[in-house]
Amino acid sequence: MFDSVRGIYCALRRPNLEDLDTIARWLDDPYLNSTVFDSSTFANGAKEHAMAWLEQNAAVYGGDNLLGLVCSVKTGKPIGMVWFNNIDWKSRTADLRYLVGEEEYRNSVFGPEIALLSLQMAFQVMNLHKIYGYVLSGNEDSIRLAEFGGIKEGVLKNYVRVGDGWNDYHLYAMFSDDFRAFLQKHKDGVLRRHFKKGLF
């Protein structure tokens, strides 16, 4: 499923057991824990949590949750991941999240393309009707990216425990029709190289 999604800079693939240590390292990353994840620690440890993800993917690929690895097209190196939570195949909705795990790839073209490929996966491969996602207050890069094409549906105030305090979740969403309109709007602009290569 994921293997059919490929961009200019990165491509998605199904993770395997060899990726366990890489995923666990990302789950333990202090920066990602302050900007992406709900808490600074995982209940059973990062490696155990990563293993649970991989086992679930292997057992029920296409179930309620789906995890994909993002790799550099140039090197094949894993640099991040995307995951769909709470997939409702009947209503065709899901909670979409993604991250750039490797620090050297964070302030570059990779974050926006991972977001783009995640949307392509959701709407063109999984045939979803709507995806939604949560962004923590303070994660300005992700907020700007979400607002570039998504619809802000609200803010969950003081929703996430962070250290000794609380943080807000900004809720964004996109419909399949919005994604098609987004592609057409930007096909001669920021997405012109993707269209020229026949990626859409």
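One can find the structure itself at the top, above this paragraph.
Quick caveat, the model's predicted, so the values are computed rather than measured.

Here we look at the overall build of the protein
Secondary structure summary: the protein contains seven helices and seven strands in total. Mapped from its N terminus to its C terminus, the protein presents α and β elements in the order β-α-α-α-β-β-β-α-β-α-β-β-α-α. Counting only contacts in the protein whose residues sit at least 6 apart along the sequence, the fraction spanning at least 24 positions is 61%. Carbon and sulfur atoms provide 50% of the accessible area of the protein, an area that totals close to 10,500 Å².

Thoughts on the sheet that holds strand S5 (residues 130-136)
Strand order in this open sheet of seven strands is S1-S2-S3-S4-S5-S7-S6, and the pairing throughout is mixed. Two strands bound the open sheet, and with one partner strand each, they are strand S1 (10-13) and strand S6 (151-162). Within the sheet, the average angular offset between the axes of one strand and its neighbour, ignoring direction, is 25°. The sheet contact formed by S6 and strand S7 (residues 165-175) spans eight bridges and is antiparallel. Each bridged residue has a counterpart across the sheet, and for Val160 the counterpart in S7 is Asn167. Against the sheet, helix H4 (residues 110-125) touches S1, strand S2 (66-72), strand S3 (78-88), strand S4 (93-100), S5 and S7, its axis set at about 155° to S4. Running over the sheet, helix H6 (residues 176-186) touches S6 and S7 and is turned about 75° from S7.

Observations concerning the packing of aromatic side chains
A full pass over the atoms with the stated rule returns seven aromatic pairs. With a centroid separation of 4.8 Å and 90° between ring planes, the pair formed by Tyr105 and Phe110 is classed as edge-to-face. You can call Tyr105 buried: its relative accessible area is 14%. With a centroid separation of 6.1 Å and 45° between ring planes, the pair formed by Tyr159 and Tyr169 is classed as tilted. Taken as a pair, Tyr159 in strand S6 and Tyr169 in strand S7 lie far apart in primary sequence, ten residues in all. The exposed category is assigned to Tyr159, whose relative accessible area is 52%.

Comments concerning the environment of His129
When you line up the elements, His129 lands in the loop between H4 and S5. The class of His129 is partly exposed, set by a relative accessible area of 35%. In this structure, the C-alpha to C-alpha distance between His129 and Thr93, residues 36 residues apart in sequence, is 5.9 Å. Ignoring any residue separated from it by four or fewer positions in sequence, one finds His129 in contact with Ser91, Arg92, Phe123, Met174, Phe175 and Ser176.

Some remarks on the pattern of salt bridges
Within the structure shown, the criterion is met by ten salt bridges. For Asp95, the salt bridge goes to Arg97, with nearest N and O atoms at 3.3 Å. Residue classification places Asp95 among the buried positions, given a relative accessible area of 3%. The salt bridge involving Lys130 is made with Glu153; its shortest N-O contact spans 3.2 Å. Here Lys130, found in strand S5, pairs with Glu153, found in strand S6; they are 23 residues apart in sequence, far enough to count as distant. Lys130 sits in the buried class, given a relative accessible area of 18%. For Glu153, a relative accessible area of 39% translates into the label partly exposed. A cluster of three or more residues bridged by salt bridges with shared partners is formed by Arg25, Lys77, Glu102 and Glu104.

Considering the nonpolar core
Of all hydrophobic cores here, the largest spans 29 residues; its most connected members are Phe84 and Ile131. Within the residue set of this core, elements represented by two or more residues are S1, S2, S3, S4, H4 and H6. At eight residues, H4 tops the list of elements feeding residues into this core. Core analysis: the second largest hydrophobic core is formed by 14 residues, Ala24, Leu32, Leu69 and Leu99 among them.

Observations regarding the pairing of S2
A large share of S2 lies buried, amounting to seven of its seven residues. Going residue by residue along S2, you find Leu66, Gly68, Val70 and Ser72 tucked away on one face and Leu67, Leu69 and Cys71 tucked away on the opposite face as well.

About the thresholds
- Residues numbered from 1 in each chain as written.
- Predicted model: local features only at pLDDT ≥ 70, side-chain atom pairs only at ≥ 80, totals over all residues.
- Heavy atoms only, no water.
- Helix = DSSP H or I, 4+ residues; strand = E, 2+ residues; numbered from the N terminus.
- Contact = heavy atoms within 4.5 Å.
- Areas by Shrake-Rupley, 256 points an atom, 1.4 Å probe, with all protein chains shown as cover.
- Pairing = 2+ DSSP bridges.
- Axes fitted to C-alpha atoms, helices over the stretch in contact; angles between N-to-C directions.
- Phe/Tyr/Trp six-rings, centres within 6.5 Å; stacked < 30°, edge-to-face > 60°.
- Buried < 20%, exposed > 50% of the residue type's maximum accessible area, 1.4 Å probe, protein only.
- Salt bridge = Lys/Arg side-chain N within 4 Å of Asp/Glu carboxyl O.
- Core = buried A, V, L, I, M, F, W, Y, C linked by side-chain atoms within 4.5 Å.

Structural measurements only, silent on function.
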